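Notes for the structure review
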Amino acid sequence: QVQLVESGGGLVQPGGSLRLSCAASGSIFSINAMGWYRQAPGKQRELVAVITSGGNTNYADSVEGRFTASRDNAKNTVDLQMNSLKPEDTADYYCNGVIQSTRWGTARVYWGQGTQVTVSS
């Protein structure tokens, strides 16, 4: 069984910063890409950032230059540093990972339970 647990959400004023963290645990042989997604009320879930096991990153246009994803492969963690936050960044943020549980198993996508980010004055 694999679990992903996010932390670090909260309320922040526009222009402020937050750092989200996500830790994967359980039966893990390897983790390929890890990513952050968000879902605002009444909207579809959208990709925020993805980071490969080699550290290559890709960001949504709306967060490029403001958000930075990083990961620690030894600790099976992925972080999202969010700067210059805007009210439109308000959403539930979810991390996911493409995880292979055993050496001979097939990788599948696992999701965290989400953490809420509210940007408001």
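Here the residue numbering is sequential within each chain, running from 1 through the sequence in written order. The predicted nature of this model means local features are confined to residues of pLDDT at least 70 and side-chain atom pairs, given and counted, to a pLDDT of 80 or more, with totals for whole chains, interfaces and linings taken over all residues. Side-chain metrics in this entry use all non-hydrogen atoms of the structure; hydrogen atoms and water are not considered.

**A word on the overall build of the chain**
Secondary structure assignment for the chain yields zero helices and eleven strands. Secondary structure elements of the chain, listed N to C terminal, follow the sequence β-β-β-β-β-β-β-β-β-β-β. Radius of gyration (C-alpha) of the chain: 14 Å, near the 14 Å computed for a compact globule of 121 residues. Along the three orthogonal principal directions, the C-alpha set of the chain runs to about 50 × 25 × 25 Å. With a 1.4 Å probe rolled over the protein chains alone, any residue whose accessible area is under 20% of its type maximum counts as buried; one over 50% counts as exposed, and the rest are partly exposed. For the chain, with 121 residues in total, the buried portion stands at 37%. Helix and strand assignments come from DSSP, with helices taken as H or I runs of at least 4 residues and strands as E runs of at least 2, each series counted from the N terminus. The globule rule used here is 2.2 Å times the number of residues to the 0.38 power, and the radius of gyration it is set against is calculated over C-alpha atoms.

**Structural notes on the pattern of salt bridges**
Whenever Lys or Arg places a side-chain nitrogen within 4 Å of a carboxyl oxygen from Asp or Glu, that contact is recorded as a salt bridge. Tallying each qualifying case throughout the model produces four salt bridges. Measuring nitrogen to oxygen at the nearest pair gives 3.2 Å for the salt bridge that ties arginine 19 to aspartate 79. Taken as a pair, arginine 19 in strand β3 (residues 18-26) and aspartate 79 in strand β8 (residues 77-82) lie far apart in primary sequence, 60 residues in all. Look at arginine 19 and you get partly exposed, because its relative accessible area is 40%. Glutamate 46 is paired through a salt bridge with arginine 38; the nearest N and O atoms lie 2.7 Å apart. Glutamate 46 sits in the partly exposed class, given a relative accessible area of 37%. According to the relative accessible area criterion, arginine 38 is buried, its value standing at 6%. One salt-bridge network, held together by shared partners, links Arg38, Glu46, Arg66 and Asp89.

**Digging into the nonpolar core**
A general feature of soluble globular proteins is that nonpolar side chains tend to end up buried together. Here, the term nonpolar core denotes a set of buried Ala, Val, Leu, Ile, Met, Phe, Trp, Tyr and Cys residues that are joined through side-chain atoms within 4.5 Å. Core analysis: the biggest nonpolar cluster contains 29 residues, and Leu4, Trp36, Val48, Phe67, Leu80, Met82 and Tyr93 have the highest contact counts within it. Elements represented by at least two residues in this core include exactly β1 (2-7), β3, β4 (30-39), β5 (46-51), β7 (67-72), β8, β9 (91-100) and β11 (115-119).

**Focus on the sheet that holds β7**
Read across the open sheet, the four strands follow the order β1-β3-β8-β7; overall the sheet is antiparallel. Strand pairing shows two members of the sheet lacking a second neighbour, β1 and β7, which therefore form its edges. Taken pair by pair, the neighbouring strands of this sheet meet at an average axis angle of 15°, ignoring direction. Being paired, for any two strands, means DSSP has found at least two bridges between them. Judged from the six bridges that link them, β1 and β3 form a sheet pairing that is antiparallel. Under this scheme, a helix contributes an axis fitted over its contacting stretch, all axes are lines through C-alpha atoms, and angles between N-to-C directions fall in the 0 to 180 degree range.

Worth remembering: the numbers are spatial, not functional.
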